[in-house]
Amino acid sequence: ELRQHDIRAESINLAVPVTNGLFTTGMDFGAENFDGANRWLEINVRTNGGGAFSTLMVRIAPGGKHLLLKRSGGLYLARVKDGPQVYHQRPSVDVLFQSVAANAGRNAVGVIMTGMGADGASGMKAMNDSGAYTIAQDEATSVVFGMPKEAIAMGGVDLIAPLPEIACETLKAATRRRAVAKASA
């Protein structure tokens, strides 16, 4: 069980870009929907897409737009762009994951969860190939096992985990990556 005191800004430097198939029609999921999580987890949720990441920030792709991760020096930036649908999706998980592979590489942790189709699978493989640690939701806890199944089949997944364990596994992986980065600095 993940509790509030398990996550502190001073213990992990985590930025989270998020894309979700529910937002393909232009529907936006406002930051007010995250007020409880903002307070409990001490995170900062932004739903306007673009801008710089800071510690414990979540940026959610706005409806009908792709979200990309870019790097400028030591900063990671979220960029929002128009573009064609990928796997009938905009925002597309593949577009986001490809940009994470290209710009964050081994500094990233990727998670693919329940969903229909193959969106995200090739992007997760690219992340994995670039050195990112990747996690897929298991079949037993997925409502639809399409996206995780495709990512697993492509060989782009380091860990298959049930939904209740994904948050802790993600934080453990991010903490390990931060420790390695500090040791090599």
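First, a word on what this report is: a plain description of the structure on this page.

A few words now on the overall build of the protein chain. Within the protein chain, the secondary structure is distributed over five helices and nine strands. When the helices and strands of the protein chain are read in sequence order from the N terminus, they spell out β-α-β-β-β-β-β-α-β-α-β-α-β-α. Looking at the protein chain as a whole, 41% of its 185 residues are labelled buried. If you take every contact in the protein chain between residues at least 6 apart in sequence, the share linking residues at least 24 apart comes to 66%.

A few words now on the pattern of salt bridges. Using the criterion set out here, one finds three salt bridges in the structure. Among the salt bridges present, the one from Asp82 reaches Lys65, with a minimum N-O distance of 2.8 Å. With Asp82 in the loop between β6 (75–81) and α2 (93–103) and Lys65 in the loop between β4 (57–60) and β5 (66–72), this pair connects stretches of sequence that are 17 residues apart. Judged by its relative accessible area of 54%, Asp82 is exposed.

It is worth spelling out the packing of α2 against helix α3 (residues 121–129) at this point. At a minimum axis separation of 7 Å, α2 and α3 run at an interaxial angle of 10°. The pairing of α2 with α3 is recorded here as roughly parallel in orientation. Here Asp94, Phe97, Gln98, Val100 and Ala101 of α2 come into contact with α3, specifically with Ala121, Ser122, Gly123, Met124, Ala126 and Met127. Its residues assigned to classes, the contact of α2 with α3 shows seven nonpolar, three polar and one charged.

Take helix α4 (residues 146–153) next. All buried positions along α4 are accounted for by Gly146, Met147, Pro148 and Ala151. Considering only its buried residues, α4 is in contact with α2, β7 (109–112), α3 and β8 (133–137). Looking one or two residues beyond α4, the residue adopting positive phi is Gly155, at roughly 80°.

It is worth spelling out the pairing of β7 at this point. For a regular strand, side-chain orientation follows a simple rule: the groups alternate between the two sheet faces. Side chains of β7 alternate between two faces, with Gly110 and Ile112 buried and Val109 and Val111 left unburied. Of the strand pairs in this sheet, β7 and β8 are connected by four bridges, and their pairing is parallel. Bridge pairing in β8 links Val109 to Tyr133. The parallel pair β7 and β8, bridged by α3, forms a crossover whose chirality is right-handed.

Along the polypeptide, Ala102 turns up in helix α2. Taking the relative accessible area as the measure of exposure, Ala102 reaches 63% and is therefore exposed. As a C-alpha pair, Ala102 and Leu69 span 33 residues in sequence and 8.7 Å in three-dimensional space.

Here we take up the environment of Glu139. Inspection of the secondary structure puts Glu139 in the loop between β8 and α4. Glu139 sits ten residues away from Lys149 along the chain, and the two C-alpha atoms are 7.7 Å apart.

Judged by nonpolar contacts, the single largest core of 22 residues is most densely connected at Phe97, Val100, Ala108, Ile112, Met124, Met127 and Ala151. Only β5, α2, α3 and α4 provide two or more residues apiece to this core.

Strands sit in the order β7-β8-β9 across an open sheet of three strands; the sheet is parallel. The open sheet terminates on both sides in strands that have one partner only, identified here as β7 and β9 (159–161). Ignoring which end each strand starts from, the neighbouring axes of this sheet average 25° apart. By the bridge criterion, three bridges tie β8 to β9 in an arrangement that is parallel. Looking across to β9, one finds that Ile135 is bridged to Leu159. With respect to the sheet, α3 is in contact with β7 and β8, its orientation differing from that of β7 by roughly 155°.

Thresholds, definitions, all that
Residues numbered from 1 in each chain as written. Predicted model: local features only at pLDDT ≥ 70, side-chain atom pairs only at ≥ 80, totals over all residues. Heavy atoms only, no water. Helix = DSSP H or I, 4+ residues; strand = E, 2+ residues; numbered from the N terminus. Buried < 20%, exposed > 50% of the residue type's maximum accessible area, 1.4 Å probe, protein only. Contact = heavy atoms within 4.5 Å. Salt bridge = Lys/Arg side-chain N within 4 Å of Asp/Glu carboxyl O. Axes fitted to C-alpha atoms, helices over the stretch in contact; angles between N-to-C directions. Parallel < 35°, antiparallel > 145°, perpendicular 65-115°, else oblique. Nonpolar A, V, L, I, M, F, W, Y, C, P; charged D, E, K, R; others polar. Pairing = 2+ DSSP bridges. Right-handed = clockwise from strand over helix to strand, strands pointing away. Core = buried A, V, L, I, M, F, W, Y, C linked by side-chain atoms within 4.5 Å.

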